[in-house]
Amino acid sequence: MAEATLSRWGALSDKLREKARHFWHEARSDARPVIAPYAERGPAPSWKWDRPLDLLLGRFMLAVQRGKPSLLDRAQRIVQRSAECADLSEEALNAACIEIRERLMRERLSEAVVDEAFTLIREVSGRELGLRHFPVQLMAGLVMLDGGLAEMATGEGKTITALLPAITAAMAGMPVHVFTVNDYLAERDCNSLRPVIERFGLRCGLIVHGQENPERRAAYGCHIVYGTNKEMTFDYLRDQTALGKRRGQGRRLIAELFGQGRQPLLMRGLHFAIVDEADSIFIDEARTPLILSAELPGDTDGVYLAALEMVSMLEEGRDYILTEGTRSVHLTAHGKDSVAELSQGLPHTQWRIRLAREELAMRAISATRLFLRDRDYIVTDGKVQIVDESTGRVMADRSWEGGLHQLVETKEAVEISGVRNTMARITYQRFFRRYRRLSGMTGTAGEVADELWADYGLKVVVIPRNRPNLSSDRGHVMVQSAQEKWAFIAAEVARIHAQEGARPVLIGTRSVADSDAVSQALTHAGIAHRVLNARQDEEEAEIIAQAGEPGAVTVATNMAGRGTDILLNPTAKAHGGLHVILTGFHDTARIDRQLFGRAARQGDPGSTIAITALDDQLYTDFAPRAARIVGSSANSWPMFDGKANMLRRLAQRNAEKRHAADRRQTELAEERLRKTMAFGGGE
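The model shown is predicted, which means the values in this text are computed figures rather than measured ones.

Conventions and cut-offs
- Residues numbered from 1 in each chain as written.
- Predicted model: local features only at pLDDT ≥ 70, side-chain atom pairs only at ≥ 80, totals over all residues.
- Heavy atoms only, no water.
- Helix = DSSP H or I, 4+ residues; strand = E, 2+ residues; numbered from the N terminus.
- Buried < 20%, exposed > 50% of the residue type's maximum accessible area, 1.4 Å probe, protein only.
- Contact = heavy atoms within 4.5 Å.
- Pairing = 2+ DSSP bridges.
- Axes fitted to C-alpha atoms, helices over the stretch in contact; angles between N-to-C directions.
- Salt bridge = Lys/Arg side-chain N within 4 Å of Asp/Glu carboxyl O.
- pLDDT = per-residue confidence, 0-100.
- Phe/Tyr/Trp six-rings, centres within 6.5 Å; stacked < 30°, edge-to-face > 60°.
- Lys NZ or Arg CZ within 6 Å of the ring centre and 35° of its normal.

(A) Just the environment of T666, in detail. Structurally, T666 can be placed in helix α27 (residues 643-679). Exposure remark for T666: the relative accessible area of 12% places this residue in the buried category. Along the sequence, T666 and Q429 sit 237 residues apart, while their C-alpha atoms lie 9.6 Å from each other. Not counting residues within four places of it along the chain, the set of residues in contact with T666 comprises A286, R287, T288, P289 and T427.

(B) Seen up close, helix α19 (residues 449-456). A large share of α19 lies buried, amounting to seven of its eight residues. Those residues of α19 lying buried are A449, E451, L452, W453, A454, D455 and Y456. Two residues or fewer after α19 comes G457, characterised by a positive phi angle close to 70°.

(C) Here's a closer look at the sheet that holds strand β5 (residues 272-276). Ordered by their spatial adjacency, seven strands build an open sheet running β3-β4-β2-β5-β12-β1-β13, and the pairing between neighbours is parallel. Each edge of the sheet is formed by a strand with only one pairing partner; in this case those strands are β3 (204-207) and β13 (460-462). Direction aside, the axes of adjacent strands within the sheet are offset by 20° on average. Those strands touched by helix α11 (residues 229-243) are β2 (176-180), β3 and β4 (224-228), and its axis lies near 105° from that of β4.

(D) How the structure looks around the pattern of salt bridges. Summed over the entire model, instances satisfying the criterion amount to 35 salt bridges. Put simply, D376 and R327 hold a salt bridge, and the shortest N to O gap is 2.2 Å. Taken together, the residues D376 in the loop between α16 (354-370) and β9 (377-380) and R327 in the loop between β7 (320-323) and β8 (328-331) connect sequence positions 49 residues apart. By relative accessible area, D376 is classed as buried at 5%. R503 is the salt-bridge partner of E500, the closest N and O atoms lying 2.7 Å from each other. Via salt bridges that share partners, E90, E123, R127, E128, R132 and R199 belong to a single interconnected network.

(E) Region of interest: the confidence of the model for the protein chain. Taken as a whole, the protein chain shows an average pLDDT of 85; of its residues, 83% reach a score of 70 or greater. Predicted confidence for residues 23-33 stays below pLDDT 50, and this span has 29 contacts to residues more than four positions away or in other chains. Counted against residues more than four places away or in other chains, residues 679-683, with its pLDDT under 50, gives six contacts.

(F) Local environment of the environment of L131. Within the secondary structure, L131 is located in the loop between α5 (111-129) and α6 (135-145). Between the C-alpha atoms of L131 and I160, which are 29 residues apart in sequence, the distance is 8.3 Å. Residues within four places of L131 in sequence aside, it is in contact with R122, S125, G126 and I160.

(G) Region of interest: the packing of aromatic side chains. Taken as a whole and assessed by the stated rule, the structure comprises 12 aromatic pairs. Centroid distance F431 to F432: 5.0 Å. Interplanar angle 65°. Geometry classified as edge-to-face. On the accessibility criterion, F432 (0% relative accessible area) is buried. Connected via pairs of aromatic rings, a cluster forms that spans F179, Y236, F282, Y428, F431, F432, Y435 and Y456. The lysine or arginine in question, R648, covers the ring of F585, its NZ or CZ lying 5.3 Å from the ring centre.

If you want it as structure tokens, here you go:
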């Protein structure tokens, strides 16, 4: 009886999986053409219940895909077929590569020809790179080629996994864009994987910061293009700006006949995208739109200095209210009267317009109170450079809009740059939805599977590890203040080296200021170490590569070094592997998982511990009342797990809800703007 019941439930589960799969393919079909000079997907018609249903469906599809046996069976069959390729001569292998490309052009992405292509790519990768794909990597490749998002544990080899769908799709005639999080990784991946790509008769292009348009155009002419999300999105915006109203191919041809043709476009379509570190790009960086702008002359009349001097006379609570979590400023009625009174007699036009002066005052307060040096930005070579809060990397040539950047520059007494005039803008949600086929990979996607499906049409498939996870979690320790935390961390490092030998230690921080504080504590304790933060961005790969040496102590800003392996030598493994210390939980638990995932990679030993303080930014911004209750109820310090973990979960849940709402509001605002521009003839 029990067996019959289980059998019926199994059959029902299979039917649900198949229905979900068909529904997904229908939703991701190319049935939304758009009139454009190159291939891209048009906007889908929307219904008010689409998003709630999509959120539920995204979570459901994650559940039914976990541990999917058919995918593993298929990957193992590909591995078994690889034995036939191992005996091929170089000439025979080259002939097979040419043949499979011809078959893919004829048969497209049928299962049999895809499996054969994966078999050949695995063999060529083994001969050219010395690396053959494991079954779990083949599984991830199949997921991405099918237009899904593969969640692979940190250190499972996502770089060579992307070769599988990229080469297969390119041989089938689809131009492929592979997105990475920085120029270093894009250049590294393109150059290191080029031998495999060229073996199949394909060309590999690279898009990095600083290239001129002819070089970019040539790169986009290649079969597979590596680049960062920001560079390639801005190139798309440049194309849209160049097109103006001549989006239709017919209009462009007529304009060219009458001598009104514009410069050639950079891209040749949005066909197939593979996004590495997909959660970082799709989720963490999706709260603000990307804006293509032109620089206007800088401040010459002192309006920003006047604004900063004026708001220094205002009082928090009486004149304005700050909300740290959303970085927002609200002027009270008294504050508005004070701004009007203090601005009397100032020569600048902005002060004579009520809304303009109040907006300028609020931005000046934000610049002085909410945007902090060595947390939100650094000052190098006389320039204010923004630091990405989710990666700890400097965002070159990015600036805040609306005069905020110039106010920060005035505060720091550096040369004031020109105000940016918006030429075009787009959100990541809107940009990536325009790809005819979208895929990705990351170490942490399960928590946001619902949002990834609702916003991008991506189903998440969790890929098992190639080897068992040997990581040891040593819990969560909470102290009362930041100063106690830095001292406790230095003591933890000293204890590790004294009791557990020459283990390498990686210390993750949330900001540049925090990494400096940890560095000072380690120096005071006489512990040699290296610091990796936004100031040492160019040395990132070198520092991370040495972080696995015996006895090495590395301080890294948040996820700086993401995408670069920390390799352990036999001595480091013998002493217990890498020990990771988290010094402050991020707003989302996904980024904490990324940091902890650096320990115990690919079957190596390793351990993790979280050491936080009650006055950490996460707790004060998103759970201040709960933090006060936890602090007043503590019987002794430090506090271990228990209440500390409850506070962390509450604060992160509140933060993630806030950020999800911000992303949704960004998308809705962009949609309203697009409709307004379309109504007025602007699109």
